[in-house]
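Analysis of the macromolecular model
So you can see what is in the structure, the chains are spelled out below.
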Amino acid sequence: MVDGGVEAADLALQVGVRGRVEAHAEDDAGTGLAAAAAIVRIGLERIRDAATRTEDVTPHIAFLRVLYDDRDPEAGILAAITDVIGTIALSLTEVGHTGSESAAALLDEAETHVRDSIGQRIHHAVEKLTPPLSCETCGQTTDDVKVMPDPFTEAQDPDRDDHELMSLCNRCAIARFEES
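As the structure is a prediction and not an experimental result, all values here were calculated from the model.

Describing the pattern of salt bridges
Applying the stated criterion across every chain, the model contains eight salt bridges. Its salt-bridge partner being D49, residue R48 comes within 3.0 Å of it at the nearest N-O pair. On the accessibility criterion, D49 (30% relative accessible area) is partly exposed. A salt bridge links E179 to R176; the nearest nitrogen and oxygen atoms lie 4.0 Å apart. Pair noted here: E179 and R176 are both in helix 8 (residues 170-179), with a separation of three residues, about one helical turn.

Shown next, in the form of structure tokens:
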């Protein structure tokens with residue numbers, strides 16, 4: 001099998017990404033930066049292409065949630081991006097360059113902006129596209145119906161992280177919690 005970096009660079013060349021990545025590869029110093037950037041770019045292009053092949057909003061919602069899902073904010077692509085930005089910012093504080101402290105502060109702001117501003121905008125877009133939910137208990141379709149872990153089992157076994165997800169209004173969620 002060919003080295004992963006060479007294979008990714010060849011794949012990037014095939015899809016026309018090489019020129020965009022080469023500008024940043026000069027400082028690569030053999031770390032595979034160009035290949036990693038090409039892989040990320042290809043993955044994002046595949047998400048974009050798959051999401052936009054249909055007029056149905058369901059795939060659009062699913063792919064937006066791959067970018068950012070308010071139900072698990074640490075799992076999406078934006079979380080990975082903020083992690084990289086935060087790690088680079090932290091690393092810069094240890095470099096000792098004259099501009100590293102101010103650069104780290106700017107990166108901290110960028111990390112917050114990606115997570116809070118962009119993530120919340122994606123969340124609101126998903127809300128606009130998602131049909132209103134009906135409460136599984138009372139059947140009402142109201143603005144306060146949310147998908148949540150089962151309050152009954154969550155109260156009985158809070159250490160578990162695999163509780164069934166339920167669509168419940170506030171009133172029914174409280175009642176189910178109180179039953180526990």
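Here the narrative resumes.
A short note on the state of the cysteines
Under the definition given, this model contains zero disulfides. Just so you know, C135 is unpaired, no disulfide at all, and the nearest cysteine sulfur is the one on C172, 3.6 Å from it. No disulfide involves C169; its sulfur sits 3.5 Å from the nearest other cysteine sulfur, which is in C172.

Remarks on the packing of helix 4 (residues 57-67) against helix 6 (residues 100-129)
Orientation of helix 4 relative to helix 6, taken along the N-to-C sense of each, is 160 degrees, at an axis distance of 10 Å. For the element pair helix 4 / helix 6, the angle class is roughly antiparallel. Where helix 4 crosses over helix 6, the handedness of that crossing is left-handed. Here helix 4 contributes V57, I61, L64, R65 and L67 to the contact with helix 6, which in turn contributes I122, V126 and L129.

Procedures and definitions
Starting from 1, residues in each chain are numbered consecutively following that chain's sequence as written. For this predicted model, a pLDDT threshold of at least 70 governs which residues receive local features, and a threshold of 80 or more governs which side-chain atom pairs are given and counted, while totals over whole chains, interfaces and linings are taken from all residues. Working from all heavy atoms in the structure, the side-chain values ignore hydrogens and water. Criterion for a salt bridge: a side-chain nitrogen of Lys or Arg within 4 Å of a carboxyl oxygen of Asp or Glu. Classification of residues uses two cut-offs on accessible area relative to the type maximum, computed with a 1.4 Å probe and protein chains only: under 20% is buried, over 50% is exposed, and between them is partly exposed. Numbering of helices and strands runs from the N terminus; a helix is a DSSP stretch of H or I covering at least four residues, while a strand is a stretch of E covering at least two. To count as a disulfide, a pair of cysteine sulfur atoms needs to be within 2.5 Å. In this analysis, axes come from line fits to C-alpha atoms, helices being fitted only over the stretch in contact, and the angle between any two N-to-C directions falls in the range 0 to 180 degrees. When describing relative orientation, an angle under 35 degrees is termed roughly parallel and one over 145 degrees roughly antiparallel, while 65 to 115 degrees is termed roughly perpendicular and anything else oblique. We call a crossing left-handed when the near helix sits turned anticlockwise from the far one by less than a right angle, and right-handed when that turn is clockwise. Residue contacts are defined here by distance: any two heavy atoms, one from each residue, within 4.5 Å place the two residues in contact.

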